[in-house]
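Structure at a glance
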Amino acid sequence: MEKKIFEVSGMMCEHCKANVENALTALNGVVSAEADLEKHQVTVAYDETAVQPEAFKQAVDDCGRYELTL
């Protein structure tokens, strides 16, 4: 199990936070995702044999006006 923090731009409210978390937890291999609005970050716990961070970027970038930085 791997746990990493990523910068996410574009999150401004609880709805944005939920969108980012939901996009990440929908990915196979992601155990949890916890976004922090104040820090503009998301902490992702995942199985590194099932999913890679590039998939996180794609999922977040595709779910709205957000951008995850690897």
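Residues numbered from 1 in each chain as written. Predicted model: local features only at pLDDT ≥ 70, side-chain atom pairs only at ≥ 80, totals over all residues. Heavy atoms only, no water.

A word on the sheet that holds strand E3 (residues 41-46)
Quick note on the threshold: Between any two strands, pairing holds if DSSP finds at least two bridges. Segments assigned H or I by DSSP are reported as helices when at least four residues long, segments assigned E as strands when at least two residues long, and all are numbered from the N terminus. In this analysis an axis means a line fitted to C-alpha atoms, helices contributing only their contacting stretch, and an angle means the value between N-to-C directions, from 0 to 180 degrees. Any two residues whose heavy atoms approach within 4.5 Å are treated as being in contact.
The strand order across the open sheet built from four strands is E2-E3-E1-E4, with neighbouring strands paired in antiparallel fashion. Only two strands of the sheet have a single partner each, and these edge strands are strand E2 (30-36) and strand E4 (67-69). Between one strand axis and the next, the sheet turns through 30° on average, direction left out of account. With three bridges connecting them, strand E1 (residues 2-9) and E4 associate as antiparallel partners. Residue pairing for E4: glutamate 7 is matched across the bridge by threonine 69. Most of the contacts of helix H1 (residues 14-25) go to E2, to which it runs at about 165°, and overall it touches E1, E2 and E3. Lying on the sheet, helix H2 (residues 53-62) is in contact with E1, E2, E3 and E4; it crosses E4 at an angle near 160°.

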